[in-house]
Amino acid sequence: MADLDVGDAAPQFDLPRDGGGSLSLAALRGKPVVLYFYPQDDTTSCTNEAIGFSQLKPEFEKAGAVVIGLSPDSVKKHDKFKAKYDLTVDLVADEERKVIEAYHLWVEKMMYGRKYMGVERATFLIGKDGRIARIWRQVRVKGHAEAVLEAVRAL
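Residues numbered from 1 in each chain as written. Predicted model: local features only at pLDDT ≥ 70, side-chain atom pairs only at ≥ 80, totals over all residues. Heavy atoms only, no water.

(A) Representation of the overall build of the protein chain. Secondary structure assignment for the protein chain yields 5 helices and 9 strands. Seen in sequence order, the protein chain has helices and strands lined up from the N terminus as β-β-β-α-α-β-α-β-α-β-β-β-β-α. The globule rule puts the C-alpha radius of gyration for 155 residues at 15 Å, and the 14 Å found for the protein chain is close to it. Viewed in the frame of its principal axes, the protein chain has a C-alpha envelope of about 40 × 40 × 30 Å. Expressed as a percentage of its 155 residues, the buried residues of the protein chain come to 48%. Summarising the internal contacts of the protein chain: among those between residues at least 6 apart in sequence, 63% fall at separations of at least 24. Just so you have it, the protein chain exposes about 8100 Å², and 49% of that area is on carbon and sulfur atoms. Taking the average place of the 23 positive charges on the side chains of the protein chain and the average place of its 23 negative ones, the gap between the two points comes to 2 Å. (Helix = DSSP H or I, 4+ residues; strand = E, 2+ residues; numbered from the N terminus. Rg over C-alpha atoms; globule rule 2.2 N^0.38 Å. Buried < 20%, exposed > 50% of the residue type's maximum accessible area, 1.4 Å probe, protein only. Contact = heavy atoms within 4.5 Å. Areas by Shrake-Rupley, 256 points an atom, 1.4 Å probe, with all protein chains shown as cover. Lys, Arg positive; Asp, Glu negative; His and termini not counted. Charge placed at Lys NZ, Arg CZ, Asp CG, Glu CD.)

Dropping the structure here:
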């Protein structure tokens, strides 16, 4: 299966979200969407990334964009994660990894010489038209939220 590329239609989703209810990409049509994928709630890099996006949320809103974090963790874990770090971005739960796999982000990883399957940290900027405008793969957290904000402003 070919990787997604800039200009492709973003795979649709309708997933349970923190605080209850669900969030769908279709409902956000007409707004830029920052969809960032991360491996797990309450780990160092994932926490720093969520804090970075939360701190810049007012700036993303000023630019008309919505920021959504997606991981395979449950809504219950997302709720605890948001409360613990006072996060303001929306978090959606993809426990069955259907969206993660649709974006080709369930990949083989290696830590301490051990191979395992996990979520690749990546961010997709989806334009108002529902097409992928920009992709960041194998994200390094430091400065990432700022770089994504600049890309949103440039749309």
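Okay, back to it.
(B) Spatial organisation of the environment of Ala-63. Structurally, the position occupied by Ala-63 is in the loop between α2 (57-62) and β4 (66-71). The spacing of Ala-63 and Lys-31 is 32 residues in sequence and 9.5 Å in space, taken between C-alpha atoms. Contact partners of Ala-63, with chain neighbours within four places excluded, come to Val-152 and Arg-153.

(C) Molecular detail of the nonpolar core. By size, the foremost hydrophobic cluster in this structure holds 24 residues, and its most contacted members are Leu-35, Phe-37, Ile-68, Leu-70, Tyr-103, Phe-124 and Ile-126. Elements supplying a minimum of two residues to this core: β3 (33-37), β4, α4 (98-102), β8 (122-126) and β9 (132-136). When sequence neighbours within four positions are dropped, the list of residues in contact with Leu-35 reads Phe-13, Ile-68, Leu-70, Tyr-103, Ala-122, Thr-123, Phe-124 and Ile-126. Of all hydrophobic cores here, the second largest spans 22 residues; its members include Tyr-36, Phe-81, Ala-151 and Val-152. (Core = buried A, V, L, I, M, F, W, Y, C linked by side-chain atoms within 4.5 Å.)

(D) Summary view of helix α5 (residues 144-154). Buried within α5 we find His-144, Ala-145, Val-148, Leu-149, Ala-151 and Val-152. The buried side chains of α5 occupy one side of the element, clustering within an arc of 160° when seen end-on. Elements in contact with the buried residues of α5: β3, α1 (44-55), α2, β8 and β9. (Arc of directions from axis to C-beta.)

(E) Highlighting α1. Between its first and last C-alpha, α1 extends 16 Å over 12 residues, near the 16 Å set by a 1.5 Å rise per residue. If you check which residues of α1 are buried, you get Cys-46, Thr-47, Glu-49, Ala-50, Gly-52, Phe-53 and Ser-54. Contacts from the buried residues of α1 go to β3, α2, β4, α3 (75-85), β8 and α5. (Expected span 1.5 Å × (residues − 1).)

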